[in-house]
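Examining the three-dimensional arrangement
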Amino acid sequence: MSAAARRSIALDALRKAGAVTLFGLRVLGQCVPALSRPRLVVLQVYNAGARSLVIIMLCGLFVGMVLGLQGFNLLQRFGSESALGVAAALGLIKELGPVLTALLFAGRAGTSLCSEIGLMGATDQLAAMEMMAVDPVRRVVAPRFLGGVIAVPLLTAVFNSIGIYGSSLVGVTMMRIQPGTFWSQMQNAVDLHDVNEGLIKSLVFGAACSLLAVYEGYHAEPTAEGVGLATTRTVVTSAVLTLLLDYVLTAAFL
Amino acid sequence: MTPQAPGTVPPRADTGSAPAVADAIVDVQDVHFAIGSRAIFRGVSVRARRGAITAMMGPSGTGKTTLLRLIMGQIRAQRGRVIVFGEEVERLDRDALYRLRQRVGMLFQNGALLTDMSVFENVAFPVREHVRLPEPVLRELVLMKLQAVGLRGAADLMPAELSGGMARRVALARAIVLDPELLIYDEPFVGLDPISMGVIVRLIQSLNRTLGITSIVVSHDVHEIGAIADYSYLLSEGLVAAQGSPAELKEAHQEVVQQFMSGSPDGPVPFHYPAPDYYEQLLERPRR
């Protein structure tokens, strides 16, 4: 790749980051007015959160069970299988819960947000709002953004709980670890700092994924192909950004 | 006050002469607008007289919808002025522009109904956004507007359950729910069956005559618009090719006007998009 092409890609990325940031500031500016109509926000929490519950619970259960199996296998080598509860809980609360929930949210709710707003643009619904002197960023975008920001930490909590239950199913029920050991070690080792770390991560991921989804939807080309491409970009960019932010936040918390 | 049902349009004074500046609610002065290197307008001047129905006609792609977007302040002219209700649209900030838009109703080509709301909620939408009304009063207002367009019985339907003509009528009810002073119709007849078209024509006329709403209708349906417009502009190649009452336009001698009014497939507006020589292109080897 030539230096000019590399420079062009870097400039495009920078331009896009700038555009998303400016749009994010505009959305943040409309969040307070949007909060004055809580019904709209609650509806979006329901759409983005409650409707993602089944997939989050299923994935949480399987991830917890896999953690249980792999953790038991690894810890058994050192004769520390009783620490499985701690390992599973910390892994889920600090890392896997926030990251996987954000990735699942981007795939399930982010695509839905993006395509819904994109289609509203393609069918002139956003333009009609503008013509009715209603700011679509306040009426459509901000409530959806807030809905995502609120929903992701709640979904993460559900994911973590079900995941820990999944690991206990494997560890306690299948591998015969003493339940008292499993739960008491977890209770002793996991403190509020760990929970806060997970909470902050999930808030940041929720904001990033929701912002990308509404940005791509709002700026999608008003055609079927344009909305499709925007939806794909939402998933890809959200996944990459989530993992990048995870590294940054993990490094910051250490 | 609600408009009368279609078929009971009261007569009105003649408004078919050229609009003067003092009468104009919309005054577009020497507007130039280009998208990239393609010039859409090269000095267009049009006016919409208070209380009249003004038609903007022209072949597809002449920028009729762009003109409406300029009037509504959605896009800005590169040269010239757009004055609406005495205010220069280009100079208005967002809040002022939104205040101005509250005095205007707009009917989109496809209705642009909000698909996640019922017909009732669609019509109630602008009221809920801008005015605090007790729910019973709001309900009465919405039902009155739906009655005016003949769709009170469809209040509980969703937009997906409506035909194209019904969607257009619901959008019209929504456009008039705040009693605007100016109503803008973007291609209101496109894709409608003759009955729905007749209903929309009658509604435009009755809203204009019973409520005194100034109307701008963008259309290329010569017959329908000719029947109700007080004054018409014909746009072609970025300029106003002709203007006058529908009768005057029919009598105009310019070739482009004659072609448009008679619907000839070829003329100053060519049937073929610019292309290389037909036979040469057929005979040349395809590029790999």
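Residues numbered from 1 in each chain as written. Chains lettered and ligands numbered in written order. Predicted model: local features only at pLDDT ≥ 70, side-chain atom pairs only at ≥ 80, totals over all residues.

1. Here's the deal with the overall build of chain B
Definition in use: Each helix corresponds to a stretch of at least 4 residues labelled H or I by DSSP, and each strand to a stretch of at least 2 residues labelled E; elements are numbered beginning at the N terminus. For the radius of gyration, the atom set is restricted to C-alpha positions; the globular benchmark scales as 2.2 Å times the number of residues to the power 0.38. Think of it as a crowd count around each C-beta: if 20 or more other C-beta atoms lie within 10 Å the residue is buried, if 12 or fewer it is exposed, and in between it is partly exposed, with C-beta placed from the backbone throughout. Note on contacts: each residue gets a C-beta atom placed from the backbone, and two residues are in contact if those atoms are within 7 Å.
If you tally the helices and strands in chain B, you get 10 helices and 10 strands. Rg of the C-alpha trace for chain B: 20 Å, near the compact-globule value of 19 Å for 288 residues, within the 12% margin. Reported as C-alpha extents along the three principal axes, the dimensions of chain B are approximately 70 × 50 × 40 Å. Evaluated residue by residue, chain B yields a buried proportion of 41% over its 288 residues. The contacts of chain B with a sequence gap of at least 6 include a subset with a gap of at least 24, amounting to 66%.

2. Examining the overall build of chain A
Regarding its fold elements, chain A presents 9 helices and 0 strands. Its helices and strands in sequence order give chain A the pattern α-α-α-α-α-α-α-α-α, from N to C terminus. A principal-axis box enclosing the C-alpha atoms of chain A has dimensions of 65 × 50 × 30 Å. A separation of at least 24 residues holds for 87% of the contacts in chain A among residues at least 6 apart in sequence.

3. As for the interface of chain B and chain A
Quoted interface sizes are often the accessible area lost when the parts come together. Under the convention used in this document: Note on residue categories: nonpolar means Ala, Val, Leu, Ile, Met, Phe, Trp, Tyr, Cys or Pro, charged means Asp, Glu, Lys or Arg, and polar means any other residue, Gly included.
The interface is formed by 13 residues belonging to chain B together with 10 residues belonging to chain A. Those elements giving two or more residues to the side of chain B that touches chain A turn out to be α2 (94-101) and α3 (119-130) of chain B. Counting residues per element, the side of chain B that touches chain A draws most heavily on α3 of chain B, which supplies 3 residues. Looking at side-chain class alone, the side of chain B that touches chain A contains 7 nonpolar, 4 polar and 2 charged residues.

4. So, the environment of threonine 115 of chain B
All names here are of chain B. Among the structural elements, threonine 115 can be located in the loop between β6 (104-107) and α3. Taking the C-beta count within 10 Å as the criterion, threonine 115 has 14 such neighbours and is therefore assigned partly exposed. As a C-alpha pair, threonine 115 and proline 159 span 44 residues in sequence and 5.7 Å in three-dimensional space. Setting aside residues no more than four positions away along its own chain, threonine 115 makes contact with Pro159 and Ala160.

5. Remarks on the pairing of strand β10 (residues 239-244) of chain B
Residue and element names in this part refer to chain B. Inclusion rule: Pairing between strands requires that DSSP locate at least two bridges from one strand to the other.
Relative to β10, strand β9 (residues 231-236) runs antiparallel, the two sharing 5 bridges. Residue pairing across strands places tyrosine 233 opposite glutamine 243, the latter belonging to β10. Count of turn residues in the β9/β10 antiparallel hairpin: 2 residues, of which glutamate 237 carries a positive phi of about 50°.

6. Details of the sheet that holds strand β7 (residues 182-186) of chain B
Working definition: the strands of a sheet are paired by backbone hydrogen bonds and lie parallel or antiparallel to each other. Residues and elements named next belong to chain B. Let me state the cut-off plainly: For helices, the fitted axis covers only the stretch in contact; all axes are lines through C-alpha atoms, and the angles between them, taken along N-to-C directions, range from 0 to 180 degrees.
Pairing is mixed across the open sheet formed by 6 strands, whose spatial order is β6-β7-β8-β3-β9-β10. Strands at the two margins of the open sheet, each flanked by one partner only, are β6 and β10. Adjacent strand axes in the sheet meet at a mean angle of 15° when their direction is disregarded. Bridging between β6 and β7 involves 4 bridges; their strand directions are parallel. Paired with leucine 107 across the strands is tyrosine 185, a residue of β7. Each of β6 and β7 is contacted by helix α5 (residues 164-176), which is oriented at about 170° to β6, the strand it contacts most.

7. A closer look at the packing of α3 of chain B against helix α4 (residues 135-148) of chain B
All names here are of chain B. Just so we agree on the cut-off: With respect to orientation, any angle under 35 degrees is reported as roughly parallel, any angle over 145 as roughly antiparallel, any angle of 65 to 115 as roughly perpendicular, and every other angle as oblique. By convention, the crossing between two helices is left-handed when the near helix turns anticlockwise from the far helix through less than a right angle, and right-handed when the turn is clockwise.
Between α3 and α4, whose axes approach to 10 Å, the crossing angle comes to 120°. Comparing their axes, α4 and α3 come out oblique. α4 is crossed by α3, and the crossing has right-handed handedness. Here Phe120, Val123, Ala124 and Val127 of α3 lie close against α4, whose contacting residues are Leu138, Leu141, Val142, Lys145 and Leu146. Here the contact of α3 with α4 is composed, by residue class, of 8 nonpolar, no polar and 1 charged.

8. Re the sheet that holds strand β5 (residues 87-88) of chain B
Residue and element names in this part refer to chain B. Taken in spatial order, the 4 strands line up as β2-β1-β4-β5 in an open sheet, and their pairing is antiparallel. Edge strands, defined here as strands with exactly one partner in the open sheet, are β2 (38-49) and β5. The pairing of strand β1 (residues 24-35) with strand β4 (residues 79-84) spans 5 bridges and is antiparallel. Residue pairing across strands places aspartate 27 opposite isoleucine 83, the latter belonging to β4. With respect to the sheet, helix α1 (residues 64-71) is in contact with β1, β2 and β4, its orientation differing from that of β1 by roughly 120°.

9. Topic: the confidence of the model for chain B
All names here are of chain B. Quick reminder of the rule: Confidence of the predictor at the level of single residues is captured by pLDDT, which takes values from 0 to 100.
Summary statistics for chain B give a mean pLDDT of 84 and a share of 91% for residues scoring 70 or more. No element of chain B has a lower mean pLDDT than helix α9 (residues 255-262), which averages 72, and none a higher one than α3, which averages 94. Under a pLDDT of 50 for its full length, residues 1-13 has, in the predicted model, 24 contacts with residues more than four places off or in other chains. Quick note on the complex model: pTM equals 0.84, ipTM equals 0.79.

10. Considering α4 of chain B
Residue and element names in this part refer to chain B. Note the following rule: Here a helix's expected span is defined as the number of its residues, less one, multiplied by 1.5 Å. For this quantity, the arc is that covered by the directions from the helix axis to the C-beta atoms.
Across its 14 residues, α4 extends 20 Å between first and last C-alpha, which sits within 8% of the 20 Å expected from 1.5 Å per residue. Among the residues of α4, those classed as buried are Val142, Lys145, Leu146 and Ala148. One side of α4 holds all its buried residues, which, seen down the axis, span an arc of 160°. The exposed set on the far side of α4, more than 90 degrees from its buried face, consists of Pro136, Val137 and Glu140. Looking at the buried residues of α4, the elements they touch are α3 and α5.

11. Section: unusual backbone geometry
Residues other than glycine seldom take positive phi values, yet aspartate 124 of chain A does so here, at roughly 65°. Mapped onto the elements of the fold, aspartate 124 of chain A is located in the loop between α4 (84-122) and α5 (125-131). Classification of aspartate 124 of chain A by C-beta neighbours within 10 Å gives partly exposed; the count is 19. Despite not being glycine, alanine 112 of chain B has its phi angle at roughly 55°, a positive value. Within the secondary structure, alanine 112 of chain B is located in the loop between β6 and α3.

12. Observations regarding the nonpolar core
The criterion, for reference: Any nonpolar core is a set of buried residues, restricted to Ala, Val, Leu, Ile, Met, Phe, Trp, Tyr and Cys, that join up through C-beta atoms within 7 Å.
Val214 of chain A together with Ile71 and Ala173 of chain B are the most contacted members of the largest nonpolar core, which has 139 residues in total. Here this core takes 18 residues from α4 of chain A, the largest share from any one element. If near-sequence neighbours (up to four positions away) are discounted, valine 214 of chain A is found in contact with Val27, Leu113, Ile117, Val141, Arg144 and Phe145 of chain A.

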